[in-house]
Amino acid sequence: MKTLILITAFACLSSMTPAFADTLRETYIAKLSTRDHFNSKGQRLTNAAAIIRQDRANFHKYGKRDAGDQSDKFFASANNRALLEKFINRGRSTKSALQKIVNGTPSIVVKIYRNDSGDDYINVTVID
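Residues numbered from 1 in each chain as written. Predicted model: local features only at pLDDT ≥ 70, side-chain atom pairs only at ≥ 80, totals over all residues. Heavy atoms only, no water.

1. Section: helix α5 (residues 95-103)
Because the α-helix completes a turn every 3.6 residues, residues three or four places apart line up on one side. Considered for burial, the residues of α5 that qualify are A97, I101 and V102. The buried residues of α5 all sit within an arc of 140 degrees when viewed along its axis, so they share a single face. Relative to its buried face, α5 has exposed residues pointing more than 90 degrees away, namely K95 and N103. Against α2 (48-60), β2 (107-114) and β3 (120-126) lie the buried residues of α5. (Buried < 20%, exposed > 50% of the residue type's maximum accessible area, 1.4 Å probe, protein only. Helix = DSSP H or I, 4+ residues; strand = E, 2+ residues; numbered from the N terminus. Arc of directions from axis to C-beta. Contact = heavy atoms within 4.5 Å.)

As structure tokens, this is what we get:
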């Protein structure tokens, strides 16, 4: 009887379609400085997505790089930078991490993923 149960369980597990994992597209580290908290018009940015977007614009478009900033290919595209808030909203960054970005100048790890539906999202972790 035990053998029959084990064979049945194995057959069921073997026939299951494996779940597809999301694909990690890119990872980079950035130091968010005071200048990343202000847009090109000098206005204070008040949400994490805008600050990270400004950091990437400073890095790629304006050549204003902070010690500790790493390059990335994904946000070299102005179009991808424009969608950054949507990517964060799709991700699983903690509220605490996003608040630390708004209220301070931490270093962050940004992981860019694509899910099996073809949608991109990012997870942000504060590392200091």
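2. Some remarks on the sheet that holds β3
Across the sheet, which stays open at both edges, the 3 strands sit in the order β1-β2-β3 with antiparallel pairing between neighbours. Each having just a single partner strand, β1 (23-31) and β3 make up the two edges of the open sheet. Going from strand to strand, the sheet's axes swing by 20 degrees on average, the running direction of each strand aside. The sheet contacts of α2 involve β1, β2 and β3, and relative to β1 the element is tilted by about 80 degrees. In the packing of α5 onto the sheet, contacts are made with β2 and β3, and the angle to β3 comes to roughly 70 degrees. (Pairing = 2+ DSSP bridges. Axes fitted to C-alpha atoms, helices over the stretch in contact; angles between N-to-C directions.)

3. Quick look at the confidence of the model for the protein
Interpretation of this model should avoid reading the predicted coordinates in detail wherever pLDDT is low. Mean pLDDT for the protein: 88, with 84% of residues reaching 70 or above. Across the protein, the secondary-structure element scoring lowest on mean pLDDT is helix α1 (residues 2-15), at 40, and the one scoring highest is β2, at 98. Note that residues 2-19 has pLDDT below 50 and, in this model, 0 contacts with residues that lie over four places away or in other chains. (pLDDT = per-residue confidence, 0-100.)

4. Focus on the nonpolar core
Of all hydrophobic cores here, the largest spans 22 residues; its most connected members are I52, F75, I101, I108 and I122. Listing elements by their share of this core, those giving two or more residues are β1, α2, α4 (84-90), α5, β2 and β3. Here this core gets 4 residues from one element, more than from any other, and that element is α2. In this view, F75 contacts Y28, R56, H60, N80, R81, L84, F87, I112 and I122; residues no more than four positions away in its chain are not counted. (Core = buried A, V, L, I, M, F, W, Y, C linked by side-chain atoms within 4.5 Å.)

5. A closer look at the side chain of N80
With respect to the secondary-structure elements, N80 resides in helix α3 (residues 78-82). A polar contact is formed between the side chain of N80 and the backbone oxygen of F74, at a distance of 2.9 Å. Those residues within four positions of N80 in sequence are excluded, and the remaining contacts are F74, F75 and F87. (Polar contact = N/O pair within 3.5 Å; in protein donor to acceptor, adjacent residues only side chain to side chain.)

6. Quick look at the layout of surface pockets
By rolling a water-sized probe across the atoms, one finds the places where empty space is left. Quantified by volume, the largest pocket comes out at close to 150 Å³. Elements that contribute at least two residues to the lining of the largest pocket include exactly α2 and α3. Considering every element that reaches the lining of the largest pocket, the biggest residue donor is α2, with 4 residues. Its residues assigned to classes, the lining of the largest pocket shows 5 nonpolar, 2 polar and 3 charged. (1 Å grid on protein atoms, 1.4 Å probe; cavity = no way out; pocket = protein on both sides within 12 Å on 5 of 7 lines; lining within 4 Å. Points joined across faces, edges and corners; volume = space filled by probe spheres on them. Nonpolar A, V, L, I, M, F, W, Y, C, P; charged D, E, K, R; others polar.)

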